2 protein chains.
Amino acid sequence: MAVKLTDVAQKAGVSVTTVSRVINNHGYLSDKTKHKVFTAMKELNYQPNSLARSLQGKKMKLIGLIFPEITNPFFAELIQDIENILFEKGYKIILCNAQRDKEKERAYLKMLLANQVDGIIAGAHNLGIEEYQELGLPIVSFDRKLSENVPIVSCDNYQGIKLAVHDLIQSGCHKIFFLGNKQLKGNPTDQRLKAYLNEAENLNFTPHICSVAFSDSTLLKNITIHEMLQNDHPDGVVCTDDLTAILVLQEARKLGLKVPEDLKVIGFDGTKQIQTYHSELSTIAQPINDIAILLVKLLLQRISDPNKELNKKHYILPVKLIKSLTTA
Amino acid sequence: MAVKLTDVAQKAGVSVTTVSRVINNHGYLSDKTKHKVFTAMKELNYQPNSLARSLQGKKMKLIGLIFPEITNPFFAELIQDIENILFEKGYKIILCNAQRDKEKERAYLKMLLANQVDGIIAGAHNLGIEEYQELGLPIVSFDRKLSENVPIVSCDNYQGIKLAVHDLIQSGCHKIFFLGNKQLKGNPTDQRLKAYLNEAENLNFTPHICSVAFSDSTLLKNITIHEMLQNDHPDGVVCTDDLTAILVLQEARKLGLKVPEDLKVIGFDGTKQIQTYHSELSTIAQPINDIAILLVKLLLQRISDPNKELNKKHYILPVKLIKSLTTA
DNA sequence: TTGTACGCGTTATCAT
DNA sequence: ATGATAACGCGTACAA
């Protein structure tokens, strides 16, 4: 059995109350007693039990993170940033890989509840609003609308795609395709398609939408992309994420299309990973670190004061165009 | 306050014991009672408190994962696989990003202890053996030697580099460089350099080692690679990870070197990510999923039977050559 | 078949 | 300045 308060108390020749006081720096204690207790703790390598502690109503300093996957560099970088910030503040994270699995997400929600997490940062949403609402836990959401009283953080999806379209137009494109999810679900990311359609109207070009779902397999995406390139001959493609943009580049190469001469491509996300290992790709960069900072800040606010009204429901962070070879 | 056992008991008109029995399916209960309890649970949306449960001696069903980073696709995929397998078995994970930070790793170790995790899968090791040993917790290690009684899982690092060298030789290389960590620390990954040196002797070529540390910045790596390519004119490079291999390809392109005509490159890891988005790269693939399966299996064994002697200390899993364009 | 009472490790309240 | 004890929510021996 692990070392506990009683052991330390016995070793130091004081009561458990005193030891608890020393640890939590409560009330008045003589330096002599403090010293005795500290040395006893060191000697026994004592580590307080968080569980027993939070049984008393203390915070677990534990945050649940729900994301669809961590192998996608965007999520990996976002999660890593969130983890770093939370660690600084003394919080640990339970990582939940919801994939596209309603049941898994539901199971994880239960687990987080059972583990008395202090709050949840949600980035995957296979589930409906209600299930999140009835948790009765502080939640913040990334890029998805969950409920009226859950604050949303997202980048400026509209402005992002607008920048992308303008970049392609300025680079001389005439037949610009939108490659991404077609279904609108009331989420901030819907703004991407909306921006594309609006700009098509403003800039007077015919919109073409090639639909690939985030959840499609790479193989399926490749086939869709191949057909688009071969049959429709776009000279510009706006992709709603960088990975899909890379697939377009690969398929283009296979078809003997020269980038950027025959075809220009622009992505979305702007992760360090892709910028380092595919530096040729033009993209719209999301401010990943700022998103992480804001998500954490809002969550900790809600944890410390759950009933305070939200100033804002939806926080939109600015994006940045990173121009590179694929739209040169 | 959250719903607790007493609330359910009251609602169902039975004692807490009965409710507890229903939940854990213990002893004999009348169907009528069961039914009453179940409906009460549903109505109150009751969720047992893991903390109180494990205070009382039950397992937390929580595993700590310590890795240096999650943005590296190799770790991301390994962690994702581990997470999936553990989830199936009813375990949750606390993710610890140790980076290259001794203090952070130490702090995390304490936290894991405080949170009563059932065990640890360790893949980052800035710390010495002792600190892991005195935890008194079931541990398994990936690719690093921690302690005599901590089982290690790793791929066949020796065979991997041997395959890589042979592939380059067969592709006609004469001046083959080893690009990776030069320092030997008694870990399984040391076998990579050893294999290179041995094969140089066996196959009768002069070994050239270009040293880059895993922790070097991309910029620094690029400079080192650039100098190697420009000054030493290798015609083949064995890299100890895929990401570094991609950097070599990029620097080669900048220098106008044609791959594979002027220069052949082979990587190590073989993640799905790199294979999908850099399918041109030849590499040595680690069996990531098998590693995950084995790590979990060994850990759960040690959790259920901590004192059982290890059959083996070091489990070595086979690697596979994936031949592609960069060594064509 | 069901209920009472105690213990898990910690903190808070009340005493001394 | 320090100690005794109840309470947190749950599981379980023991009792009924």
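Residues numbered from 1 in each chain as written. Chains lettered and ligands numbered in written order. Predicted model: local features only at pLDDT ≥ 70, side-chain atom pairs only at ≥ 80, totals over all residues. Heavy atoms only, no water.

Novice: Is there a simple way to think about the side chain of Gln80 of chain A in this case?
Specialist: You can see Gln80 of chain A is positioned in helix α5 (residues 73-88). Taking relative accessible area as the criterion, Gln80 of chain A reaches 11% and is therefore assigned buried. Looking at Gln80 of chain A, its side chain comes within polar contact range of the main-chain nitrogen of Thr71 of chain B, at 3.4 Å. Other than its neighbours up to four places away in sequence, Gln80 of chain A contacts Glu69, Ile70, Thr71 and Asn97 of chain B. (Helix = DSSP H or I, 4+ residues; strand = E, 2+ residues; numbered from the N terminus. Buried < 20%, exposed > 50% of the residue type's maximum accessible area, 1.4 Å probe, protein only. Polar contact = N/O pair within 3.5 Å; in protein donor to acceptor, adjacent residues only side chain to side chain. Contact = heavy atoms within 4.5 Å.)

Novice: Can you help me understand the domain arrangement of chain A in this one?
Specialist: Assigned domains within chain A: domain 1 (3-47), domain 2 (60-153 + 286-316) and domain 3 (155-285 + 319-325). Computed from C-alpha coordinates alone, the two centres of domain 1 of chain A and domain 2 of chain A are separated by 37 Å. (Domains from an automatic or database assignment.)

Novice: For this particular structure, what's the right way to read the protein's contact with DNA strand C?
Specialist: The local shell around DNA strand C holds 27 residues, among which Leu5, Tyr46 and Gln56 of chain A together with Thr17 and Thr33 of chain B are the closest. Of all DNA strand C atoms lying within 4 Å of any protein atom, the proportion belonging to sugar or phosphate reaches 62%. Measuring from a base oxygen of DNA strand C, one finds a side-chain N or O atom of Gln56 of chain A at 2.4 Å. For the surface near DNA strand C, the elements supplying multiple residues, two or more each, are α2 (16-24) and α4 (50-55) of chain A together with α2 (16-24) of chain B. Per element, the largest residue contribution to the surface near DNA strand C is four residues, and it comes from α2 of chain A. Among the residues forming the surface near DNA strand C, the class breakdown is ten nonpolar, twelve polar and five charged. (Near = heavy atom within 4 Å. Nonpolar A, V, L, I, M, F, W, Y, C, P; charged D, E, K, R; others polar.)

Novice: Teacher, can you tell me more about the interface of chain B and chain A here?
Specialist: By a widespread convention, an interface's size corresponds to the accessible area lost as its parts come together. Between chain B and chain A, the residue contacts involve 50 residues of the former and 50 residues of the latter. In terms of surface lost to chain A, no three residues of chain B exceed Leu51, Phe87 and Tyr277 of chain B, which account for 15% of the buried area on that side. Here chain B is connected to chain A by two salt bridges. In this structure, the salt-bridge partner of Lys104 of chain B is Glu83 of chain A, at a minimum N-O distance of 3.1 Å. Connecting chain B to chain A are 25 residue pairs in polar contact (both at pLDDT 80 or more). Among the secondary structure elements, those contributing two or more residues to the side of chain B that touches chain A are α4 (50-55), α5 (73-88), β2 (92-97), α6 (102-114), α11 (242-254) and α12 (272-277) of chain B. Examining the composition of the side of chain B that touches chain A, we find that eight residues originate from one element, α5 of chain B, more than from any other. The class makeup of the residues in the side of chain B that touches chain A is 24 nonpolar, 19 polar and seven charged. (Buried area = accessible area lost by both parts, 1.4 Å probe. Salt bridge = Lys/Arg side-chain N within 4 Å of Asp/Glu carboxyl O.)

Novice: What am I meant to see in the pairing of strand β2 (residues 92-97) of chain A here?
Specialist: The side chains of a regular strand alternate, residue by residue, between the two faces of the sheet. Residue and element names in this part refer to chain A. Where burial is concerned, most of β2 is hidden: six out of the six residues are buried. Across six bridges, the pairing between strand β1 (residues 62-67) and β2 is parallel. Within β2, the position partnered with Gly64 by the bridge is Ile94. Where the polypeptide runs from β1 across α5 and back to β2, its parallel neighbour, the crossover connection is right-handed. (Pairing = 2+ DSSP bridges. Right-handed = clockwise from strand over helix to strand, strands pointing away.)

Novice: Before we go on, may I ask you to explain the relation of the copies chain B and chain A in this structure?
Specialist: What connects the two chain copies is a rotation about an axis and a shift along it. Of the transformation superimposing chain B on chain A, the axial component is 0.0 Å and the angular component is 180 degrees, with the fit at an RMSD of 0.1 Å. This pairing of chains is accounted for by a two-fold axis. Rotation axis and chain B: the residue whose C-alpha lies nearest the axis is Ile94 of chain B, separated from it by 2.3 Å. A share of 100% of interface residues in chain B that are also interface residues in chain A marks the association as one of identical surfaces. (Least-squares fit on C-alpha atoms with pLDDT ≥ 70 in both.)

Novice: Explain the UniProt feature "domain: HTH lacI-type" (unreviewed entry) in chain A here, please?
Specialist: Here, the residues flagged by UniProt with the feature "domain: HTH lacI-type" (unreviewed entry) are residues 3-57 of chain A. End C-alpha to end C-alpha, residues 3-57 of chain A measures 22 Å, and it is 67% helix and 0% strand. (UniProt positions renumbered as here; feature names shortened; annotations may be inferred.)

Novice: Mind showing me how you'd approach the nonpolar core here?
Specialist: In summary, soluble globular proteins display a tendency toward joint burial of nonpolar side chains. Judged by nonpolar contacts, the single largest core of 62 residues is most densely connected at Ile82 and Ile121 of chain A together with Ile82 and Ile121 of chain B. Look past the residues within four positions of Ile121 of chain B in its chain and what remains in contact with it is Ile63, Gly64, Leu65, Ile66, Phe67, Ile82, Val140, Leu295, Val296 and Leu299 of chain B. Among the nonpolar cores identified, the runner-up in size contains 45 residues, and Ile94 of chain A together with Met60, Ile94 and Cys96 of chain B belong to it. (Core = buried A, V, L, I, M, F, W, Y, C linked by side-chain atoms within 4.5 Å.)

Novice: What should I look at first to understand the sheet that holds strand β9 (residues 264-269) of chain B in this one?
Specialist: Hydrogen bonds between backbone atoms are what pair the strands of a sheet, whose relative direction is either parallel or antiparallel. Residues and elements named next belong to chain B. Strand order in the open sheet formed by six strands is β7-β6-β8-β9-β10-β12, and the pairing between neighbours is mixed. Both outer strands of the open sheet, β7 (208-211) and β12 (320-322), are each paired with one neighbouring strand and no more. Taken over all neighbouring pairs, the strand axes of this sheet differ in orientation by 20 degrees on average, direction set aside. Of the pairings in the sheet, the one linking strand β8 (residues 236-239) to β9 comprises three bridges and is parallel in character. (Axes fitted to C-alpha atoms, helices over the stretch in contact; angles between N-to-C directions.)

Novice: Explain the packing of aromatic side chains here, please?
Specialist: Think of a pair of aromatic rings as described by two things: how far the centres are apart, and how the planes are tilted against each other in angle. Scanning the model with the defined rule gives 14 aromatic pairs over all chains in all. When the centroid spacing of 4.9 Å and the interplanar angle of 40 degrees are considered together, the rings of Phe87 of chain A and Tyr108 of chain B count as tilted. Separated into two different chains, Phe87 of chain A in helix α5 and Tyr108 of chain B in helix α6 make up a pair that spans both. These aromatic residues form a ring-pair network of at least three members: Phe67, Phe74, Phe75, Phe142 and Phe214 of chain A. (Phe/Tyr/Trp six-rings, centres within 6.5 Å; stacked < 30°, edge-to-face > 60°.)

Novice: Any chance you could explain the environment of Ala328 of chain B here in plain terms?
Specialist: Residue and element names in this part refer to chain B. Residue placement: Ala328 occurs in the segment after β12. You can call Ala328 exposed: its relative accessible area is 58%. Considered as a pair, Ala328 and Val265 are 63 residues apart in the sequence and their alpha carbons are 9.6 Å apart. Not counting the four nearest positions on each side in its chain, Ala328 is found in contact with Pro260 and Lys264.

Novice: Hey, could you run me through the sheet that holds strand β8 (residues 236-239) of chain A in this one?
Specialist: Residues and elements named next belong to chain A. Pairing within the open sheet is mixed, and its six strands lie in the order β7-β6-β8-β9-β10-β12. If you trace the sheet from one side to the other, it starts and ends with β7 (208-211) and β12 (320-322), each paired once. The sheet shows a mean angle of 20 degrees between the axes of neighbouring strands, taken without regard to direction. One ladder, built from three bridges, connects strand β10 (residues 282-285) with β12; its direction is antiparallel. Bridging across to β12, Ala285 finds its partner in Lys320. Of the strands in this sheet, β6 (176-180), β7 and β9 (264-269) are in contact with helix α9 (residues 190-203), which crosses β6 at around 170 degrees.

Novice: Teacher, can you tell me more about the protein's contact with DNA strand D here?
Specialist: Taken together, 26 residues lie around DNA strand D, and Thr18, Tyr28 and Gln56 of chain A together with Lys4 and Leu5 of chain B are the ones closest in. A share of 65% of the atoms of DNA strand D within 4 Å of the protein falls on sugar and phosphate groups. In this structure, Leu5 of chain B approaches DNA strand D through a main-chain N or O atom, which is 2.4 Å from a phosphate oxygen. The side chain of Tyr46 of chain B places a nitrogen or oxygen atom 2.6 Å from a phosphate oxygen of DNA strand D. By residue number, the principal contributor to the surface near DNA strand D is α2 of chain B, which donates four residues. When its residues are assigned to classes, the surface near DNA strand D shows nine nonpolar, twelve polar and five charged.

Novice: Could you clarify how one ought to interpret the environment of Leu325 of chain B in this entry?
Specialist: Residues and elements named next belong to chain B. Take Leu325: it is sitting in the segment after β12. For Leu325, a relative accessible area of 54% corresponds to the exposed category. Sequence-wise, Leu325 and Thr271 are 54 residues apart; in three dimensions their C-alpha atoms are separated by 17 Å. Dropping the residues within four chain positions of it, Leu325 is found in contact with Pro260, Glu280 and Ser282.

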